[in-house]
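Architecture and fold: a report
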Amino acid sequence: MPKMRYVILQQKQELQFVEMPEEYAYQLSALNLRLNKEIDKLTADNVPNLPLAIAECDSLDLLREGYTLESGLAYINRLESAFSSIQENNYPLISLLTEIRALQAQLEQWYEEEEEGIH
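Residues numbered from 1 in each chain as written. Predicted model: local features only at pLDDT ≥ 70, side-chain atom pairs only at ≥ 80, totals over all residues. Heavy atoms only, no water.

Looking at an unreviewed UniProt entry, the protein chain carries the name Hydrolase/acyltransferase, with the source organism given as Paenibacillus borealis.

Right under this line is the structure:
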């Protein structure tokens, strides 16, 4: 069984829980912090609202109904979709998309190798 970490994100009063392979959790947290730092520079109308990474942990037990655990790949796919739909002309959005897609590709490879039992 692969070692997983959990990234806890907060958007207003809502919490989101993302399960990441241990070696990629820090990358998601760092990416989230960078996106939050840069998002105010975007001038497009359809800029997504981003949660803020507030914690990482090695184990997680969700005790309240209504909270769900999202896989890191599902989360990064949603993030890529949201950012690729932005119609931005004044900020080099491609640099942010490149970072998102790099982590997306790493996670896709990790999950493929996990399915094949390579890890």
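Notes on the environment of Glu-14
You can see Glu-14 is positioned in strand 2 (residues 14-21). In sequence terms Glu-14 and Ile-94 are 80 residues apart; their C-alpha atoms lie 29 Å from each other. (Helix = DSSP H or I, 4+ residues; strand = E, 2+ residues; numbered from the N terminus.)

What to know about a nonpolar patch on the surface
Judged by side-chain polarity, Leu-33, Leu-52 and Ile-54 come together as a nonpolar surface patch covering roughly 250 Å² of accessible area. Inspection of the secondary structure puts Leu-33 in helix 1 (residues 22-38). (Patch = residues over 30% accessible without salt bridge, like charges linked within 9 Å, V, L, I, M, F, W, Y side chains within 5 Å. Areas by Shrake-Rupley, 256 points an atom, 1.4 Å probe, with all protein chains shown as cover. Salt bridge = Lys/Arg side-chain N within 4 Å of Asp/Glu carboxyl O.)

Remarks on the packing of helix 2 (residues 72-84) against helix 3 (residues 93-116)
Remark: helix 2 packs on helix 3, axes separated minimally by 9 Å, with the N-to-C direction vectors making an angle of 155°. Taken together, the axes of helix 2 and helix 3 are roughly antiparallel relative to one another. Considering only the axes of helix 2 and helix 3, their crossing is left-handed. Residue-level inspection shows Gly-72, Leu-73, Ile-76, Asn-77, Leu-79, Glu-80, Phe-83 and Ser-84 of helix 2 in contact with helix 3, the latter providing Leu-93, Leu-96, Leu-97, Ile-100, Arg-101, Leu-103, Gln-104, Leu-107, Glu-108 and Tyr-111. (Axes fitted to C-alpha atoms, helices over the stretch in contact; angles between N-to-C directions. Parallel < 35°, antiparallel > 145°, perpendicular 65-115°, else oblique. Left-handed = near helix turned anticlockwise from the far one by under 90°. Contact = heavy atoms within 4.5 Å.)

Structural notes on the nonpolar core
Judged by nonpolar contacts, the single largest core of 31 residues is most densely connected at Met-20, Leu-28, Leu-35, Ile-76, Leu-79, Phe-83 and Leu-107. When contributions to this core are tallied by element, the ones reaching two or more residues are strand 1 (4-11), strand 2, helix 1, helix 2 and helix 3. Counting residues per element, this core draws most heavily on helix 3, at eight residues. The contacts of Met-20, once residues within four sequence positions are left out, are Lys-3, Met-4, Arg-5, Val-7, Ala-25, Leu-28, Gly-72 and Leu-107. (Core = buried A, V, L, I, M, F, W, Y, C linked by side-chain atoms within 4.5 Å. Buried < 20%, exposed > 50% of the residue type's maximum accessible area, 1.4 Å probe, protein only.)

A short note on the packing of helix 1 against helix 2
For the pair helix 1 and helix 2, interaxial distance at closest approach is 13 Å and the crossing angle is 25°. By the criterion of interaxial angle, the relationship of helix 1 to helix 2 is roughly parallel. Note that helix 1 runs across helix 2; the crossing there is left-handed. For the pair formed by helix 1 and helix 2, the contact residues are Leu-28, Leu-31, Asn-32 and Leu-35 on the first element and Tyr-75, Ile-76, Leu-79 and Phe-83 on the second. In the contact of helix 1 with helix 2, the residues fall into seven nonpolar, one polar and no charged. (Nonpolar A, V, L, I, M, F, W, Y, C, P; charged D, E, K, R; others polar.)

Considerations on helix 2
Under the 1.5 Å per step criterion, the end-to-end length of helix 2 is 18 Å for 13 residues, consistent within 8% with the ideal 18 Å. All buried positions along helix 2 are accounted for by Gly-72, Leu-73, Tyr-75, Ile-76, Leu-79, Glu-80 and Phe-83. Down the axis of helix 2, the buried set is contained in an arc of 160°. They therefore lie on one face. (Expected span 1.5 Å × (residues − 1). Arc of directions from axis to C-beta.)

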